[in-house]
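Chain residues, written in single-letter form:
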Amino acid sequence: MKRIRLLPTVIALGLLGACATPPEQRAGAPDAPIDPGPASISGNYLAALHAQRIRDANAAAEFSARVLDANPMNAELLVRTHAALVEAGRIDEALPLAARLVAMSPGQVAAQMTLVADEIARGQFAAAERRMAGLPLQGYSRVVNPLLIAWINVGLDRNPAAFDILRSLLDVQGFKQMHDYYAGLIAERSGRFAEAEGFYRAALEGEDGAPPRLIEIAGGFLERRGRTAEARQLYLRYRQVAPDSPIVLAGLARTRVGAPPVPAPEFPLRDARKGAADALFNLAALFRQDATMATALSFGRLGLHLDADAALGLMTVAEIVDGMDQRDEADKLFARVPADSPYAYVAQMRRAENMQERGDLNGALAALEKLARENPDRFDALSTMGNFLRVAERFPEAAAAYGRALERIGANPERRHWSIFYVRGIAFERAKNWPEAERHFKRALELFPEQPDVLNYLAYTWVDRGENLIEAERMLRRAVEQRPNSGHIVDSLGWAFYRLGRYEEAVPLLERAAELLPEDPVLLDHLGDGYWRVGRRREAAFQWERALRSKPEPELKVEIEKKLRDGLPASQAKR
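Student: Please clarify how the overall build of the chain should be interpreted in this entry.
Tutor: In terms of regular secondary structure, the chain is built from 30 helices and zero strands. Classification of the 575 residues of the chain by burial places 52% in the buried group. Look at the contacts in the chain between residues 6 or more apart in sequence, and 58% of them connect residues 24 or more apart. Total accessible area on the chain stands at roughly 25800 Å², and carbon and sulfur atoms take up 52% of it.

Structure follows, in structure tokens:
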């Protein structure tokens, strides 16, 4: 089942969300848990290794613990089992192992961090401080240690020391914004509001822009100080960057001009435990961006040990495990996001996406319908519904869902709404309603002139229909100029030349497209056709055979098999 993602990753709700997040390499793990039935020690060991490979932390912890029971003094097994328990969020079970590891080797940093997090959770700040003092300050500890020690000092009512410790972040390239963010939070908590505002303003001017979590905190500060109009200006400013951000929408709703006043959001980090948890959530986001998924998950889980109901933490950890294909576990976390949180809407969207991923289309559609009904000012549940229906090839229903989304957008769509017109055009085209499809493609181009995907789809279809051929060629050339490495767009221009009978011009482009997408059966079929028309018939047959091996759709498969038997007719046949 093809996965659909329209919303930006929710990790971007964290402080570090302004940084670019590399695409996740999906691990292909099954949703169903590995059967932890009886097995030999060697069988459990192999099962633990397999669970680690597919990133199933719960199964890895279960199997590792079994092996450890038979080999309680094996240091390597202790390390593996402790790590798996932390990644699975089973911190209470990980704590005794962490203590054993530290007793064997005080330099076990991961185990020490587990113990520090638990000491902070229990309010034992002096013990946590002593433990942190013995940890090396190298690698990622140059960021982790100052953050946690600063909040430990807050817990010990030593705010000046907390500020001093945070300053060490300024020596680490790229962490000034994080310093300003946490210095602002500690200053606001201490009642030093002028200093807090200064730090927040400095953070907002960071080189990477202002991520949503920072907007939430800085805007909330202005609201708490009774400066609602300034807060609204901040939300409006950020809306230009992320118009559908739940943080921005919630802020704008609270500060609506002329509406009855509503309470300002409470200061979110009133105790040091929550502050340390927030730091761990941001560290989880940071390490996820660096594709260090096990470390990211460990920090996120330790953060939830400190603040189990933090919406940001639940979303952060859920996104990490969802990126590991552990969708059942992700859904449990998404379900725990408080209903009154700005993140709740996105959490429910993610759950609907996971239903679709599992093949439960009806469940996904019902969840999206409920979201759309409960949030009449938002259109993205309806557009996602259209995407699911389009992937399921229920094209008339998809067009109707997109139409409902456009009704909510209203009569004056913005440039960013071009994609809704585009995908609705695709749905109409596939539903054999070309007039409506063409109208929607043209409207998309009015909103976003020269958008290459729209140029490609509209011009390709014109060529296939034998319409507007001069304009179609111009549009396809422009699309290729913008996306010279897009196999589908390069193929479209080549296929346009083919359909116009300009075979010698078509073949180099069709060859280039097949190089870019060497396993796409449609592109290989097109290349075979091109070769046949220029007299390279053995090469044509070879490409058609490649297309068959690439598992084409049934209708195309029948066409290719016929061409392998009979070749192409003397005159070009329109598809």
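Student: Would you mind showing me how to read the packing of helix α9 (residues 176–189) against helix α14 (residues 272–289) here?
Tutor: Packed helices, taken two at a time, are described by the angle between their axes plus the distance between the axes. One way to put it is that α9 packs onto α14 with a least axis distance of 12 Å and a crossing angle of 160 degrees. Regarding the angle of α9 to α14, the classification is roughly antiparallel. Between α9 and α14 the crossing geometry is right-handed. Here Met-178, Tyr-181 and Tyr-182 of α9 come into contact with α14, specifically with Gly-275, Asp-278, Ala-279 and Asn-282. Among the residues forming the contact of α9 with α14, the class breakdown is four nonpolar, two polar and one charged.

Student: Would you mind going over the confidence of the model for the chain with me for this structure?
Tutor: Close reading of the predicted structure is inappropriate where its pLDDT is low. On average, residues of the chain carry a pLDDT of 89, and 89% of them reach 70 or more. With pLDDT under 50 throughout, residues 1–38 is counted as low confidence; its partners more than four residues away or in other chains account for 117 contacts.

Student: What should I look at first to understand the pattern of salt bridges in this one?
Tutor: Oppositely charged side chains can form a pair if their charged atoms are brought close together. Following the criterion strictly, the structure yields 51 salt bridges and no others. In this structure, Arg-158 and Glu-129 form a salt bridge, with 2.3 Å as the shortest nitrogen-oxygen distance. Here the residue Arg-158 occupies a position in the loop between α7 (141–155) and α8 (159–166), and Glu-129 occupies one in helix α6 (residues 125–133), the gap between them amounting to 29 residues. Taking relative accessible area as the criterion, Arg-158 reaches 32% and is therefore assigned partly exposed. Linked by salt bridges that have partners in common, Glu-450, Glu-471, Arg-474, Arg-478 and Glu-481 make up one network.

Student: What exactly am I supposed to notice about the nonpolar core here?
Tutor: Where a protein is soluble and globular, its nonpolar side chains tend to be buried together. Ranked by size, the top nonpolar core spans 102 residues in total, and within it Leu-147, Trp-151, Tyr-182, Leu-185 and Leu-283 carry the most contacts. Ranked by the residues each element gives to this core, the list is headed by α14, at ten residues. Apart from the residues lying within four places of it in its own chain, the contact partners of Leu-185 are Trp-151, Tyr-200, Ile-217, Phe-267 and Leu-269. Judged by nonpolar contacts, the second largest core, of 72 residues, contains Ala-437, Tyr-457, Ala-506 and Ala-547.

Cut-offs and rules
- The numbers attached to residues start from 1 for each chain and follow its sequence in the written order.
- Confidence filtering applies because this is a predicted model: local features only for residues at pLDDT of at least 70, side-chain atom pairs given and counted only at 80 or more, and all residues used for totals across whole chains, interfaces and linings.
- Water and hydrogen atoms play no part in the side-chain values, which are based on all heavy atoms of the structure.
- By definition, any uninterrupted DSSP run of H or I lasting at least four residues is a helix, any uninterrupted run of E lasting at least two residues is a strand, and each is numbered from the N terminus.
- Residue exposure (1.4 Å probe, protein chains only): buried if accessible area is under 20% of the type maximum, exposed if over 50%, otherwise partly exposed.
- Contacts are assigned to residue pairs that have any heavy atoms within 4.5 Å of one another.
- Note on areas: these come from Shrake-Rupley sampling with a 1.4 Å probe, and a residue is covered only by the protein chains present in the view.
- To obtain an axis, a line is fitted to C-alpha atoms, over the contacting stretch when the element is a helix, and the angle between two such axes runs from 0 to 180 degrees between their N-to-C directions.
- Each angle is binned into one of four classes, with values under 35 degrees roughly parallel, values over 145 roughly antiparallel, values of 65 to 115 roughly perpendicular, and all other values oblique.
- By definition, any crossing whose near helix is turned counterclockwise from its far helix by less than a right angle is left-handed, and any crossing with a clockwise turn is right-handed.
- Nonpolar residues are Ala, Val, Leu, Ile, Met, Phe, Trp, Tyr, Cys and Pro. Charged residues are Asp, Glu, Lys and Arg, and all others, Gly as well, are polar.
- Per-residue confidence from the predictor is reported as pLDDT, a score between 0 and 100.
- A carboxyl oxygen of Asp or Glu within 4 Å of a side-chain nitrogen of Lys or Arg is what we treat as a salt bridge.
- The criterion is simple. A nonpolar core is a set of buried Ala, Val, Leu, Ile, Met, Phe, Trp, Tyr and Cys residues joined through side-chain atoms within 4.5 Å.

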